[in-house]
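Understanding the architecture of this molecule
Residues per chain, in single letters:
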Amino acid sequence: MNIATLDGTPAESTSRFTVKNYVDIVEKQRHQYDAFFCLKLWRPKPNLQPEATKLIIDKILNSPQMKDTIHQVSKFLLEGHSNLKNYEEVVAQIKTILEDMGHTYKFSTVRVIGFFLAKLLRNLYQGVAINNDGVLKLSRAMSQGPVLLLPTHRSYADFLLISYLCYTMDIPLPVIAAGMDFKGMKFVNRMLQNAGAFYIRRSFGHDQLYWAVVSQYIQYHIINFQAPIEFFLEGTRSRNGKSLPPKTGLLSMALEPYFKGDVPDVQICTVNISYERTLEEKLYAYETLGVPKPRESTSGFLSAVGKIRGQNYGQIYINISDPISVRDHISKRTEPNWNTPSFRFSLSEYEKDSIHCLAWSLIRKQQKEAITPVSAILMSALTVNKQLDIEQLAQLVVLMNSLLAKYGTPCLIQNESVVQSVKDCLDVHKLIIHPTGDGFFSCQKAIQEGENVQMQAADRLVLQQYTNQLLGPLINVAVFSLIEASDLKEPNNIISESAFFAKYFKNEFVLISNLTQQELTSFQENVINEMLKRILRALLQPYLESYFIILNLIAMGFSTLSELTLQYRNTVSTVLVEGASKFPEILAIDKIYRHVLNLVANGHLRGVKTNQTTSYHQIDDISPIIVHIEPYLDERLKRFMALHRKKATVMQSHL
């Protein structure tokens, strides 16, 4: 029985995925031995032929650009800026970097990983849905030239899942940019490297030699296309269920051959992965509260696998978007300077700006085209309503799904299967959503005596990871609902007010934008259900409160990130203890840096670096922003922060 193939339509199966063009790639594994799956005849389309790692390293070392880089860098290093003493040591250092990070392809390792992944997916998940037409288009793009695979990053499982998908659907395996954290995992690190992973640092700093080596490694694979290159545009895992602002470093490296004219085009394919239940849900909650993440280790990995065995993690949804051509988006390329060798090429300001705009376009595409799990709607509904029964939940799923169909990507369900989908989700999340009796369900946990604020916040942050999967694509609908509920009713006022939110929440919600008259008219005609609007307003409220507190702390003179973080924790803890907010999730500190960067970009703050510490000082008054946001907040929080600022002013006057 062939469930999912490149050439045909999915065969009839027992999977509950009945939505057109989507197939369940795990269903086939339920009807065959894992050993047969991992030993299957693999015929990738197109049949790309990756080179041996040693050959790649030798070619990179002997390329004109790397030779020039070695010459330039060695001149700088030999002037006393490094422990390297001669030209040969510089070459040896580059070779060490390449060998240390370089990937290999050992198909025996790929088959072993496939064996264990097949077992894990079959035992942990009810299914993995993927759009078959997206696979066909991706395969076609690979036959035309270099391809970048940019998945969303919500879990450690993401990059393994993409390789598993490629192996299952008979398309070339990607070369994967992986964080150096995995390098410390004995045995596992080598297996991942043998399956196409290459390790790079998360931050290059001012290490020009390392930057040049990584850049050459990536560009070699673009120019000599032998496999798609996979990396995460967000740069790190999103721990809150919505897309993060893009990082453009690797994208710039990958697109440089296009701007130099070494390749006629590069195609980019975003892969949008949604989890009904995330493996790291509790871990993420504590990480956003500032608890350091555990160091990656093989023992830790095996322990984590042991803990999750036997649990139900529901469905995984993979939506492969149509490949986009960089040439179609950035047709203009800077004329080459014939007086400068091509290997000394550097991106112009226009090209850097174009890459920046393209990165934002791609990250918005990821957020908008990610399939919304049913669980996101259930938890959003139960966050606002104390308890609901299955019929009420099913009705809200249908209503919210119709909204997602217009302004995002809806759940993969059909109307006749909604009730069953709701029941399945309730079973998946039975640790969060619990029955209250008489057929009703609730996710609002009763506060236990002696339970501290951080534990309350962690529970709410687990919920927020899922509700953000709904708020992310519908952020503009949420802003419209918020403004409409205030005293602003005139269309021009709503549009101008939306511009305020788009300006100051851009780094928090990648899809947020100034409403146009056409969008406003559409919202007024289609967003009419009061319950849906109330749910979306409630999901947005914690973000407004967090921003309000951060602004007040900056206005009080706290200028470094460490000062802001400490004061924010203390202030929010007091806010929650005194009942000035009903949202424990505002204790999360992950958004502080994003808001500071936004205020810098909007000209309100300026960063000044002294002794490895950056201070952010006001160069434009932020009081008007505070005043602007106050009408949307609870009176108790406004009174608390006014009193808090007054006390701080009195204390400072006595110093």
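As annotated in an unreviewed UniProt entry, the protein chain carries the name Phospholipid/glycerol acyltransferase domain-containing protein and comes from Daphnia sinensis. According to the UniProt record, the Subcellular location (unreviewed entry) comment for the protein chain is "Endomembrane system". You can read under Sequence similarities (unreviewed entry) in the UniProt record for the protein chain the words "Belongs to the GPAT/DAPAT family."

Bringing the sheet that holds strand β12 (residues 440-442) into the picture now. Pairing is antiparallel in the open sheet, where 3 strands are placed in the order β10-β12-β11. With partners counted over all chains shown, the strands left at the sheet margins are β10 (388-389) and β11 (434-437), one partner each.

So, about the UniProt feature "domain: Phospholipid/glycerol acyltransferase" (unreviewed entry) in the protein chain. UniProt records the feature "domain: Phospholipid/glycerol acyltransferase" (unreviewed entry) for residues 147-276 in the present numbering. Between the C-alpha atoms that bound residues 147-276 there is a distance of 28 Å. The span itself is 35% helix and 19% strand.

Tallied over the entire structure, the rule returns 19 aromatic pairs. Here F37 and Y164 contribute two aromatic rings whose centre-to-centre distance is 5.6 Å and whose plane-to-plane angle is 50°, an arrangement assigned as tilted. Residue F37 is found in helix α1 (residues 34-38), and its partner Y164 is found in helix α7 (residues 158-168); the two are separated by 127 residues along the sequence. Taken individually, F37 and Y164 each receive the classification buried, so the pair is uniform in this respect. Seen from their ring centres, F500 and Y504 are 5.2 Å apart, and the 55° between their planes marks the pair as tilted. On the criterion of helical spacing, the pair formed by F500 and Y504 is a turn pair, its members being 4 residues apart in helix α20 (residues 491-504).

Below, the discussion takes up helix α4 (residues 87-101). End to end, α4 covers 22 Å across 15 residues, agreeing with the expected 21 Å (1.5 Å per residue, within 8%). Of the positions making up α4, those classed as buried are V90, I94, I97, L98 and M101. Viewed along the axis of α4, the buried residues span an arc of 95°, placing them on a single side of the element.

This part covers the nonpolar core. Residues F501 and F505 are the most contacted members of the largest nonpolar core, which totals 101 residues. In terms of residue count, the dominant contributor to this core is helix α22 (residues 530-555) (14 residues). Those residues in contact with F501 that sit more than four places away from it in its chain are V479, L482, I483, K506, I512, L544 and Y632. With 51 residues, the next largest nonpolar core counts V90, I229, V326 and L347 among its residues.

Between helix α2 (residues 53-61) and helix α9 (residues 208-223), whose axes approach to 10 Å, the crossing angle comes to 110°. In terms of orientation, α2 and α9 fall into the roughly perpendicular class. For α2 against α9, the interelement crossing comes out right-handed. Between α2 and α9, the contacting residues are I56, K59 and I60 on the first element and Q216, Y217, Y220 and H221 on the second. Within the contact of α2 with α9, the residues separate by chemical class into 4 nonpolar, 2 polar and 1 charged.

The next subject is unusual backbone geometry. Between K45 and P46 the backbone carries a cis peptide bond, its omega angle lying at 0°. Its location among the elements puts P46 in the loop between α1 and α2. Backbone geometry places D170, a non-glycine residue, at a positive phi of 60°. Mapped onto the elements of the fold, D170 is located in the loop between α7 and β4 (175-179).

When you line up the elements, P174 lands in the loop between α7 and β4. Taking the C-alpha atoms as reference, P174 lies 22 Å from D34; in sequence the two are 140 residues apart. Leave out the neighbours within four places in its chain, and P174 touches Y105, L149, I162, S163, C166, A195, G196, P228 and E230.

Of all 5 residues in strand β2 (residues 127-131), 5 are buried, a share of seventy percent or more. Here β2 shows two buried faces, one formed by G127, A129 and N131 and the other by V128 and I130. Pairing analysis gives 4 bridges linking β2 to strand β8 (residues 315-320), with the strands arranged parallel. The residue bridging I130 from the neighbouring strand is I318, located in β8.

This part is about the side chain of E585. With respect to the helices and strands, E585 occurs in the loop between α23 (561-577) and α24 (591-601). Residue E585 is classed as buried on the basis of its relative accessible area, which comes to 5%. Polar side-chain contacts of E585 include one of 3.0 Å to the side chain of R460. When residues no more than four places from it in sequence are discounted, the contact partners of E585 are A457, R460, L461, Q464, P542 and K591.

Another point: the pairing of strand β7 (residues 267-275). A regular strand carries its side chains on alternate faces of the sheet. Taken across its 9 residues, β7 has 9 buried, putting it largely inside the fold. Both faces of β7 are covered, namely the face carrying Q267, C269, V271, I273 and Y275 and the face carrying I268, T270, N272 and S274. Note: strand β3 (residues 147-151) against β7, 5 bridges, orientation parallel. Paired with L150 across the bridge in β7 is T270. Relative to strand β9 (residues 324-325), β7 is paired through 2 bridges, and the arrangement is antiparallel. Across the sheet, the residue bridging to I268 is I324, located in β9. Here β7 pairs with β8 via 5 bridges, running antiparallel.

The subject of this paragraph is helix α14 (residues 349-369). Compared with the 30 Å implied by 1.5 Å per residue over 21 residues, the 30 Å span of α14 between its first and last C-alpha is a close match. Three or more residues of α14 are buried, namely E351, S354, I355, L358, A359, W360, L362, I363, Q366 and Q367. For α14, the elements touching its buried residues are β3, α10 (249-260), β7, β9 and α13 (326-329).

Now for the pattern of salt bridges. Tallying each qualifying case throughout the model produces 28 salt bridges. The salt bridge partner of R594 is E508, with a shortest N-O separation of 3.0 Å. You can see R594 sitting in helix α24 and its partner E508 sitting in the loop between α20 and α21 (517-526), a full 86 residues away along the chain. Within the structure, one salt-bridge network assembled from shared partners comprises K242, E508, D590, K591 and R594.

Counting through the fold element by element, R111 comes out in helix α5 (residues 107-124). Taking the C-alpha atoms as reference points, R111 and S380, 269 residues apart in sequence, are found 40 Å from one another. Excluding residues within four positions of it along the chain, R111 makes contact with C38, L39, K40 and Y167.

Criteria and cut-off values
Sequence positions are assigned chain by chain, starting from 1 and proceeding in written order. The model is predicted, so local features are restricted to residues of pLDDT at least 70 and side-chain atom pairs to those at 80 or more, both for listing and for counting; the totals for chains, interfaces and linings are taken over all residues. Excluded from the side-chain calculations are hydrogens and water; all other atoms, namely the structure's heavy atoms, are used. UniProt positions are given in the numbering used here, feature names are shortened, and annotations may be inferred rather than shown by experiment. Criterion used throughout: strands pair if DSSP finds at least two bridges between them. Note on conventions: DSSP H or I runs of at least 4 residues are helices, E runs of at least 2 residues are strands, and numbering of each starts at the N terminus. Pairing of aromatic rings covers Phe, Tyr and Trp, the last counted by its six-membered ring, and requires centre-to-centre distances within 6.5 Å; plane angles under 30 degrees mean stacked, over 60 mean edge-to-face, and any other angle means tilted. Only protein chains enter the accessibility calculation, which uses a 1.4 Å probe; a residue whose area is less than 20% of its type maximum is buried, one above 50% is exposed, and one in between is partly exposed. Expected span, for any helix, means 1.5 Å times one less than how many residues it has. The arc in question is the one spanned by the directions pointing from the helix axis to the C-beta atoms. To define a nonpolar core, start from buried Ala, Val, Leu, Ile, Met, Phe, Trp, Tyr and Cys residues and group those joined through side-chain atoms within 4.5 Å. Should any heavy atoms of two residues lie within 4.5 Å, those residues are considered in contact. Simply put, an axis is a line fit to the C-alpha atoms, just over the touching stretch for a helix, and the angle between two N-to-C directions goes from 0 to 180 degrees. Any angle that is under 35 degrees is reported as roughly parallel, and any over 145 degrees as roughly antiparallel; angles of 65 to 115 degrees are reported as roughly perpendicular and all others as oblique. Two helices that cross are described as forming a left-handed crossing if the nearer one is turned anticlockwise from the farther one by less than a right angle, and a right-handed crossing if clockwise. All amino acids are sorted into three groups, where Ala, Val, Leu, Ile, Met, Phe, Trp, Tyr, Cys and Pro are nonpolar, Asp, Glu, Lys and Arg are charged, and the leftover types, Gly among them, are polar. Contacts described as polar in this section are N or O atom pairs within 3.5 Å, which, within protein, must combine one atom able to donate a hydrogen with one able to accept it, while residues neighboring in sequence count only if both atoms come from side chains. Whenever a carboxyl oxygen of Asp or Glu lies within 4 Å of a side-chain nitrogen of Lys or Arg, that contact is scored as a salt bridge.

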